[in-house]
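Listed below, chain by chain, are the residues.
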Amino acid sequence: MGNILSTTLKYSSISAAALVGIYACFLGLIANNFFQAHAVYLHAIQMTWFKDLNVPEIFGFLHNQVTPFSIKSSDGESLYAWHILPPELYRKNEEKLLAEPAGFVQDITSRLAFRLLQDDPDAVLILHFHGAGGTVGSGYRTPNYRALSAGRPEKIHVLTFDYRGFGYSTGSPSEQGMLLDGLAVVDWATRVAGIPPERILIFSQSMGTAVASAIINHFALESPATIFAGTVFVAAFVDVPTLVATYRIAGTIPILGPLAKFPIAFRYLSTFIRDKWLTGDRLAGYVKVNEAAGRKYRLTFIHAQDDYDIPWTHTPTTFHRAVNATVPRGITFEDLEAEKDIIKRDLGEAGTVVEWRTETGVLREEILKYGLHDVIMGNPIVTLAVMRMLDSK
Ligand SMILES: *[C@@H]1O[C@H](CO)[C@@H](O)[C@H](O)[C@H]1NC(C)=O
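Throughout what follows, the structure given in this document is the object of discussion. Remember, it's a predicted structure, so these values are computed and weren't measured experimentally.

### Some thoughts on the site of the ligand
Okay, step 1: Lining the immediate surroundings of the ligand are Lys288, His320, Arg321, Asn324, Pro328, Arg329 and Gly330.
Okay, step 2: Lys288 places a side-chain nitrogen or oxygen 3.2 Å from an oxygen atom of the ligand.
Okay, step 3: Arg321 is positioned such that a nitrogen or oxygen atom in its side chain is 3.0 Å from an oxygen atom of the ligand.
Okay, step 4: Alone, the ligand offers 360 Å² of accessible surface; in the complex the protein occludes 50% of this.

### Thoughts on the pattern of salt bridges
Okay, step 1: Taken as a whole, this structure holds 19 salt bridges when the rule is applied.
Okay, step 2: With a closest N to O distance of 2.5 Å, Arg321 and Asp281 form a salt bridge. Note that Arg321 is positioned in helix 13 (residues 314-324) and Asp281 in helix 12 (residues 279-293), a separation of 40 residues in sequence.
Okay, step 3: For Asp281, a relative accessible area of 41% corresponds to the partly exposed category.

### Quick look at the sheet that holds strand 9 (residues 297-304)
Okay, step 1: Read across the open sheet, the 10 strands follow the order 1-2-4-3-5-6-9-12-11-10; overall the sheet is mixed. Unpaired on one side and paired on the other, strand 1 (66-72) and strand 10 (345-346) mark the two borders of the sheet.
Okay, step 2: Strands in contact with helix 15 (residues 380-391) are strand 3 (124-129), strand 4 (156-161), strand 5 (200-205), strand 6 (230-234), strand 9 and strand 12 (361-368); relative to strand 9, the strand with the most contacts, it is inclined by about 170°.

### Section: the packing of aromatic side chains
Okay, step 1: One pass over the structure, following the stated rule, counts 13 aromatic pairs.
Okay, step 2: Residues Phe161 and Tyr163 carry aromatic rings whose centres are separated by 5.2 Å and whose planes lie at 80° to one another, so their mutual orientation is edge-to-face. Per residue, the accessibility class of Phe161 equals that of Tyr163, and both read buried.
Okay, step 3: The rings of Phe129, Phe161, Tyr163 and Phe166 are connected pair by pair, giving a single aromatic cluster.
Okay, step 4: A cation over a ring is seen here: Arg146 above Phe61, with NZ or CZ 5.0 Å from the ring centre.

### Things to note about the packing of helix 12 against helix 13
Okay, step 1: It is the contact of helix 12 with helix 13, at a shortest axis distance of 7 Å, that shows an interaxial angle of 30°. Classed by the angle they form, the pair helix 12 and helix 13 counts as roughly parallel. The crossing of helix 12 and helix 13 is right-handed. In contact with Thr279, Gly280, Asp281, Leu283, Ala284 and Val287 of helix 12, helix 13 contributes Thr318, Arg321 and Ala322.
Okay, step 2: Its residues assigned to classes, the contact of helix 12 with helix 13 comprises four nonpolar, three polar and two charged.

### Remarks on the nonpolar core
Okay, step 1: Core analysis: the biggest nonpolar cluster contains 64 residues, and Leu127, Phe129, Trp188, Trp277 and Leu299 have the highest contact counts within it.
Okay, step 2: If you tally residues by element for this core, the top one is helix 8 (residues 207-221), at nine residues.
Okay, step 3: The contacts of Leu299, once residues within four sequence positions are left out, are Ile216, Thr231, Phe233, Tyr286, Val287, Val362, Leu363, Arg364 and Met389.
Okay, step 4: One finds Trp82, Ile126, Val386 and Leu390 within the second-largest nonpolar core, a separate group that totals 33 residues.

### Overview of the layout of surface pockets
Okay, step 1: Space inside the second largest pocket adds up to approximately 250 Å³.
Okay, step 2: Listed by contribution, the elements that provide at least two residues to the lining of the second largest pocket are strand 9 and helix 15.
Okay, step 3: Looking at side-chain class alone, the lining of the second largest pocket contains eight nonpolar, one polar and six charged residues.

### Section: the environment of Gln46
Okay, step 1: Within the secondary structure, Gln46 is located in the loop between helix 2 (33-41) and strand 1.
Okay, step 2: By relative accessible area, which is 21% here, Gln46 ends up partly exposed.
Okay, step 3: Residues Gln46 and Thr135, 89 residues apart in the sequence, show an inter-C-alpha distance of 6.0 Å.

Rules used in this analysis
Residues numbered from 1 in each chain as written. Predicted model: local features only at pLDDT ≥ 70, side-chain atom pairs only at ≥ 80, totals over all residues. Heavy atoms only, no water. Near = heavy atom within 4 Å. Polar contact = N/O pair within 3.5 Å; in protein donor to acceptor, adjacent residues only side chain to side chain. Areas by Shrake-Rupley, 256 points an atom, 1.4 Å probe, with all protein chains shown as cover. Salt bridge = Lys/Arg side-chain N within 4 Å of Asp/Glu carboxyl O. Helix = DSSP H or I, 4+ residues; strand = E, 2+ residues; numbered from the N terminus. Buried < 20%, exposed > 50% of the residue type's maximum accessible area, 1.4 Å probe, protein only. Pairing = 2+ DSSP bridges. Contact = heavy atoms within 4.5 Å. Axes fitted to C-alpha atoms, helices over the stretch in contact; angles between N-to-C directions. Phe/Tyr/Trp six-rings, centres within 6.5 Å; stacked < 30°, edge-to-face > 60°. Lys NZ or Arg CZ within 6 Å of the ring centre and 35° of its normal. Parallel < 35°, antiparallel > 145°, perpendicular 65-115°, else oblique. Left-handed = near helix turned anticlockwise from the far one by under 90°. Nonpolar A, V, L, I, M, F, W, Y, C, P; charged D, E, K, R; others polar. Core = buried A, V, L, I, M, F, W, Y, C linked by side-chain atoms within 4.5 Å. 1 Å grid on protein atoms, 1.4 Å probe; cavity = no way out; pocket = protein on both sides within 12 Å on 5 of 7 lines; lining within 4 Å. Points joined across faces, edges and corners; volume = space filled by probe spheres on them.

This is the structure we're talking about:
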């Protein structure tokens, strides 16, 4: 008996030591750039394997409703993109669209779909910044495009693209590179398609919210500044170091959670994180510069409480960073939460909505009870978020 017990103890201490060792190796791996890039961006996980993105019918679109083409970044990468026509505009031009050849297009400006976007003075263009992993065609992204156009089915076009290293795009992802990708897409929208920023909206989800906030901040700080009609963030996170502390593989296994209890060790490890994506800082900067200049701006944050990829609590944290920047002397997170308890609309099973208005800015926070990490993208609240921005004074 005693023997068995001591043997068991011996083995359990060996396995505990082994676990600590494995975790240490894992932390070592995390400090490695190549591993980090794959863990953060998941670009190797295409989800649309064996499906040809140049055949959009496979993903549930009408014949020639989608024009596959590519956009060049300033540093020479080729970004694979889809221009998606809204359904009623498609119907009105169906015969002519059906007569055009299908598949990848070298010169998009030669296409009817492009001219329908370029020539309509009321057309709206949504620039779509998708999340980590997959391609323009994966998962809940396709119902998401439909939800975005649904409010004005003759007017709202969607431009979606794969960042460098994703899908058919060249290169490999990094914060610096993906910023250039975002700039290239905006440049295409404003200069090639000739759409003024008042008719451009930005939709982003998950990883894409980090890219989108960097892009809107970049254009707000330029002189002259460019301010888009509005930006929608679904499942945002405040920054990567905070995200890795709260991220759980498949919603159950915390990755760096154990380490987050040791702030010094955690801060040390954080210094190895290459791409930090400081969304909180960028949005604070964006709001501040718009408030100072008295410019109209619209931000909507949407998150579902049952999101187990990015905990929903990231959205109140991110929202606070933006709202705090509207208050000259700042407002603490706790004070804002108390204020929100007063102004919050409780929609029962649909969740809660907070709208924070300044003279020129509208910041909305919508916390849903249901919607997971990506099912939420096809929800009509996405359609309404777009319509509110288009109608807002
Ligand atoms: C909130 O705003 C104040 C004033 O601008 C600033 O000093 C403070 O650092 C901000 N807090 C956060 C969490 O961003």
